[in-house]
Amino acid sequence: MGVPVVRIRVLVVDDHRIFAESLAAALAAEPDVEVAAAGSGPAALRCLERAAAEGRGYDVMLVDAELGVLAGARDHRTAVPAPRSGKAAPMDGISLVAGVRSGRPSVHTVVLAEKDDPLRAALALQAGASGWVAKDCSLQRLLTVIRGVLRDETHLPPALLTGVLRELTAARKHRTESEQLVESLTPREREVLRCMVAGLGRKAVAERLYLSPHTVRTHMQNVLGKLGVHSTLAAVALARRAGVGPADLAPAGQTLGDVVERGSQPA
C-alpha cells in the first residue's frame, strides 16, 4: 500500500479569467497540487471561508498584482471606483493580501506580476506576501516558489532586491508620521478608514456600521481632513503605511463571485 500524497492546495486569484483558469489547469497537472481559481478578491475570500469551514483550507494563494485595476489604466494603477449602488469596489491585490494575512495567517500568499515594480513589491511584502513572481516565469519556477513559501521562505527576483530594500527603508521613515495621523482619528473614524482600506463604498460602509450614508460621508470627509489627504486612494495608502488593515469582507451567505475548482472534487 503506497504512502498517501500530501497535497498542496492553491488558490489562483486573477480577474483575467483565461489566465487564471490556464494557470490553474497547469498547476493541477502536478500530482501533489489541488487548485481553485477565483475571479476577484471577494470571490477569493468566499472561497477561503468555504474551504476553511469544510476543513480543507488552502495552503498558498497566488494573487494578480493588478487585481481590481482598470485594463486601460494599468500603467497608472488606477483602481476601479466604487459603484454608485454602494457595493464594494473590486478589491485590489495588496488589500486582498493584507486581509488574508490578518484573517487567515496560515495561508501563504505570492503576488504574480506582469513587470518588476519595487514599490508594489515592497507594499506586497508589508501587507504580508511571501513572494513576488513574474507572470511569465516557468511553471517549474512557480512551483519552486510555492513549495518555498510553505517552508516560510521569502521569494523575490534578484533584480528587485535593491529597489525593494530602498522602498522598505523609505517606508519606515514615513510610518511613524502616518501612525500619529491615524491615532488622531476617533474610534468610529478608524472603523470607517478600515472599510475604505477594504474598498467599500459609502452605502456599503453605512450598512456595515449601521449608520446613515450622510453620517458616513461626514466621517469620510473628517478622515481625509485629519490625515491631510485629498482622495480615498491617498488615505488608503497612508493607512497601509500605518499598519491599518482592511475590514472583513466575507459576510456569511453573500455571493461574492465565481470560483472554479480544478485538480480536486468539490465537496
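Residues numbered from 1 in each chain as written. Predicted model: local features only at pLDDT ≥ 70, side-chain atom pairs only at ≥ 80, totals over all residues. Heavy atoms only, no water.

**Looking at the overall build of the chain**
Consideration 1: The number of helices and strands found in the chain is 10 helices and 6 strands.
Consideration 2: Looking at the chain as a whole, 46% of its 267 residues are labelled buried.
Consideration 3: Sequence separation of 24 or more characterises 73% of the internal contacts of the chain that already satisfy a separation of 6 or more. (Helix = DSSP H or I, 4+ residues; strand = E, 2+ residues; numbered from the N terminus. Buried < 20%, exposed > 50% of the residue type's maximum accessible area, 1.4 Å probe, protein only. Contact = heavy atoms within 4.5 Å.)

**Examining the nonpolar core**
Consideration 1: Residues Leu11, Met61, Leu96 and Trp132 are the most contacted members of the largest nonpolar core, which totals 33 residues.
Consideration 2: Taken together, the elements giving at least two residues each to this core come down to β1 (8-13), β2 (33-38), α2 (41-53), β3 (60-64), α3 (93-103), β4 (108-113), α4 (118-127) and α6 (161-183).
Consideration 3: Looking at which element gives the most residues to this core, the answer is α2, with 6 residues.
Consideration 4: Ignoring sequence-local partners within four residues, the contact set of Leu11 consists of Ala36, Ala37, Ala38, Ala44, Cys47, Leu48, Tyr58, Val60, Met61 and Leu62.
Consideration 5: Listed in part, the 26 residues of the second largest apolar core include Cys195, Val197, Ala198 and Leu224. (Core = buried A, V, L, I, M, F, W, Y, C linked by side-chain atoms within 4.5 Å.)

**A short note on helix α1 (residues 17-28)**
Consideration 1: End to end, α1 covers 16 Å across 12 residues, agreeing with the expected 16 Å (1.5 Å per residue, within 8%).
Consideration 2: Ala20, Leu23, Ala24 and Leu27 are the residues of α1 that are buried. The buried residues of α1 occupy one face: seen down the axis, they fall within an arc of 100°. (Expected span 1.5 Å × (residues − 1). Arc of directions from axis to C-beta.)

**Structural notes on unusual backbone geometry**
Consideration 1: In the Ramachandran plot, Asp152 falls in the positive-phi region, its phi being about 65° despite a non-glycine side chain.
Consideration 2: For Asp152, the position within the fold is in the loop between α5 (139-149) and α6.
Consideration 3: According to the relative accessible area criterion, Asp152 is exposed, its value standing at 64%.

**Some points on the pattern of salt bridges**
Consideration 1: Following the criterion strictly, the structure yields 11 salt bridges and no others.
Consideration 2: Between Arg188 and Glu191 there is a salt bridge, and its shortest N-O distance comes to 3.1 Å. Pair noted here: Arg188 and Glu191 are both in helix α7 (residues 187-197), with a separation of 3 residues, about one helical turn.
Consideration 3: For Glu191, a relative accessible area of 35% puts it in the partly exposed group.
Consideration 4: Within the structure, one salt-bridge network assembled from shared partners comprises Arg7, Arg9 and Glu34. (Salt bridge = Lys/Arg side-chain N within 4 Å of Asp/Glu carboxyl O.)

**Details of the confidence of the model for the chain**
Reading fine detail from the predicted coordinates is not recommended where pLDDT is low.
Consideration 1: Taken as a whole, the chain shows an average pLDDT of 82; of its residues, 81% reach a score of 70 or greater.
Consideration 2: Between residues 70-89, whose pLDDT stays under 50, and residues either more than four places distant or in other chains, the model counts 36 contacts.
Consideration 3: pLDDT under 50 marks residues 251-267. Its contacts with residues more than four places away, or in other chains, come to 49 contacts. (pLDDT = per-residue confidence, 0-100.)

**Overview of the packing of aromatic side chains**
Given two aromatic rings, their pairing is described by the distance between the two centres and the angle made by the two planes.
Consideration 1: In the structure shown here, the tally under the stated rule is 0 aromatic pairs.
Consideration 2: Sitting above the plane of the Phe19 ring, Lys135 keeps its charged end 4.5 Å from the centroid. (Phe/Tyr/Trp six-rings, centres within 6.5 Å; stacked < 30°, edge-to-face > 60°. Lys NZ or Arg CZ within 6 Å of the ring centre and 35° of its normal.)

**Focus on α4**
Each turn of an α-helix holds 3.6 residues, which means side chains three or four residues apart point in the same direction.
Consideration 1: Three or more residues of α4 are buried, namely Arg120, Ala121, Ala122, Ala124 and Ala127.
Consideration 2: Here α4 starts with a cap whose side-chain oxygen sits 3.2 Å from the backbone nitrogen of Leu119, and that cap is Asp117.
Consideration 3: A positive phi of about 120° marks Gly128, the residue just after α4. (Polar contact = N/O pair within 3.5 Å; in protein donor to acceptor, adjacent residues only side chain to side chain.)

**Considerations on the pairing of strand β5 (residues 131-134)**
Consideration 1: With 4 bridges joining them, β4 and β5 adopt parallel strand pairing. When the sheet's bridge partners are listed, Val111 is paired in β5 with Trp132.
Consideration 2: You can see the chain leave β4, run along α4 and come back into β5, and the turn it takes is right-handed. (Pairing = 2+ DSSP bridges. Right-handed = clockwise from strand over helix to strand, strands pointing away.)

**Here's the deal with the environment of Met61**
Consideration 1: Among the secondary structure elements, Met61 is positioned in strand β3.
Consideration 2: Since its relative accessible area comes to 0%, Met61 is described here as buried.
Consideration 3: Separated by 25 residues in the primary sequence, Met61 and Ala36 have C-alpha atoms spaced 9.6 Å apart.
Consideration 4: Leaving out residues up to four positions away in the same chain, Met61 has contacts with Leu11, Val13, Leu48, Leu96, Val100, Val107, His108, Thr109 and Val110.

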